[in-house]
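Listed below, chain by chain, are the residues.
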Amino acid sequence: MDRRQSRLKQEASPSELKEDRYPLPQDSQRLVKEQGEQCFNYSLRLDRLLSWDNKDWKLTESTKEREGIHSLNGDENLRKIVAACKMRWQALLQAYRMQGYAVETLQLFAASRVVVGLGAESVLETSIRLHRLYGFPIIPASALKGLARSYAELIEGKDESDPIFAAVFGKSPPKAQIGKVIFLDAVPASSEVRLELDVMNPHYAPYYQNAKPPADYHSPVPVFFLTIAPESAFCFAVVAQEQALAQQASTWLRKGLEEMGIGAKTTSGYGLWKAHAASAQVASEAEEAQQEATPLLSSPKKAMPPSPPISEKPPRKGDIVGAQVLDNSRKPIQVRLLVKGYENSSVACAGVGNLESFPPGTYIRVEITQMKGDHVQQVSVRGIWRASNA
């Protein structure tokens, strides 16, 4: 026993020594016991706020129960944080567009359970990749880039001798070259983030751990792990200075997600994605996320008219379409078009006089005024959306 543990044991009373404790100084332990439930960062709860057995400093069984660590905190604060983080993600993409970059976005739904970061270092047997500051699940850009590259290499037979492949992913030494495409972390498209508990059940632990012969009398040892629930919606994006490179990278990424899967246990069917949700309720969650963020960005929330339908027609200059305000802090305001392929993109909207009349979440009618090729660059407001416009 080191000096620190010896000191903690001397300071503790006999009743405290019988209790489950946290591996923290006494004053920090008391604070955690009194206020630990107020921590809404799920990543912090998993990494720092787990109780341990005072005798052998191992996690207690109560800590491993489903209602302990295997449940994502669904507090309203977390819902607002997820919605606000998605809007900042969209604002980042708009900043790229304003600098002349081409941006390609995807919204996909988990076709099966997804677990990224299963083998990462953790105090538990398994882990999952969570946002370090806010605690909700994300899919890191490095994993997405690796998946897109694997699809191009394994399925389409591309390598660094192909100029498009080399431009997207770069080249290795000795002819080192940086890739020209930026992959962004994938973030939840909805504030309703759901994790589900899954289990691995190895039957011959002594065989795997100590090279002992497998036998029927060995007891199975369940290993629980967290996964992103099926039907969860996530937003993906790639950025490049050339439209063709962004489109190609987006295509490889989408096909990789749909056909190969991402994260752990993909050979068992985990990590696959699809373009459409199984129900209209799930599909509408991304839209609800924008309304969840409204209290963080504007004054009192006003009643909103019914949502305009998503247009399936390819956009053309002069078309009048529905849109939803994302940011009214400056001119031109930023909106998302209710047009297929633009639901998760931010577009500049001119023609607004009084910014306060267009709070985030407001549905409006806009005219497409500027296009670059087939991509909408700017729109102009034509009025508030009314149910009669449908």
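Let us look at the structure shown here. (Residues numbered from 1 in each chain as written. Predicted model: local features only at pLDDT ≥ 70, side-chain atom pairs only at ≥ 80, totals over all residues. Heavy atoms only, no water.)

## A closer look at the overall build of the chain
Our working definition: Runs of H or I in DSSP of at least four residues are treated as helices and runs of E of at least two as strands, each being numbered from the N terminus. Between buried and exposed lies partly exposed: a residue is buried under 20% and exposed over 50% of the maximum accessible area for its type, with that area taken using a 1.4 Å probe on protein chains only. Residue contacts are defined here by distance: any two heavy atoms, one from each residue, within 4.5 Å place the two residues in contact.
When you go through the chain residue by residue, the secondary structure sums to 12 helices and 14 strands. Residues classed as buried in the chain amount to 43% of the 390 residues present. Taking all contacts inside the chain whose residues are at least 6 apart in sequence as the whole, residues at least 24 apart take part in 68%.

## Focus on the pattern of salt bridges
Worth spelling out the cut-off: Salt bridges are counted wherever a side-chain nitrogen of Lys or Arg sits within 4 Å of a carboxyl oxygen of Asp or Glu.
Using the criterion set out here, one finds 10 salt bridges in the structure. Note that Arg 194 and Glu 196 form a salt bridge whose closest N and O atoms lie 3.6 Å from each other. Assessed through its relative accessible area of 39%, Arg 194 is described here as partly exposed. In this structure Glu 196 comes out as partly exposed when scored by relative accessible area, which is 22%. Notably, a salt bridge pairs Glu 258 with Arg 254, separated by 3.4 Å at the nearest N-O pair. With Glu 258 and Arg 254 both in helix H10 (residues 243-259), this residue pair falls four residues apart, about one helical turn. On the accessibility criterion, Glu 258 (27% relative accessible area) is partly exposed. Overall, Arg 254 belongs to the partly exposed group, its relative accessible area being 28%.

## A closer look at H10
Defined as follows: Given the number of residues in a helix, its expected span is that number minus one, multiplied by 1.5 Å. Arc, as used here, means the arc of the directions from the helix axis to the C-beta atoms.
Relative to the 24 Å expected for 17 residues at 1.5 Å per residue, H10 spans 24 Å between its end C-alpha atoms, a close match to the ideal helical length. Turning to H10, its buried residues number three or more, namely Leu 245, Ala 246, Ala 249, Ser 250, Trp 252, Leu 253, Gly 256 and Leu 257. Taken end-on, H10 shows its buried residues confined to a sector of 165°, consistent with a single buried face. Two residues or fewer after H10 comes Gly 261, characterised by a positive phi angle close to 85°.

## A few points about the pairing of strand E12 (residues 347-350)
Put simply, the rule reads: A pair of strands is treated as paired once DSSP finds two or more bridges between them.
Two strands pair when backbone bridges link them, and strand E11 (residues 333-337) and E12 are joined in this way by three bridges, in the antiparallel orientation. In the sheet register, Val 335 faces E12, and the bridge partner there is Val 347. As defined by bridge partners, E12 adjoins strand E14 (residues 375-384) across three bridges and the pair is classed as parallel. Bridged to Cys 349 within E14 is Val 379.

## A few points about the packing of aromatic side chains
Spelled out, the test is: Aromatic pairs are defined between Phe, Tyr and Trp rings, using the six-membered ring for Trp, whenever the two ring centres lie within 6.5 Å; interplanar angles under 30 degrees are classed as stacked, those over 60 as edge-to-face, and all others as tilted.
If you walk through the whole model with that rule in mind, you get eight aromatic pairs. Plain terms: the ring middles of Phe 234 and Trp 273 are 5.6 Å apart, the flat faces sit at 75° to each other, and that makes the pair edge-to-face. Separated by 39 residues along the polypeptide, Phe 234 in strand E8 (residues 233-240) and Trp 273 in strand E9 (residues 273-274) bring together distant segments of the chain. Both residues of the pair, Phe 234 and Trp 273, count as buried. Consider the rings of Phe 236 and Trp 273, whose centres lie 5.4 Å apart with planes at 85°: the pair is edge-to-face. Linking Phe 236 in strand E8 with Trp 273 in strand E9, this pair joins segments that are 37 residues apart in sequence.

So yeah, pure geometry; function would need other evidence.
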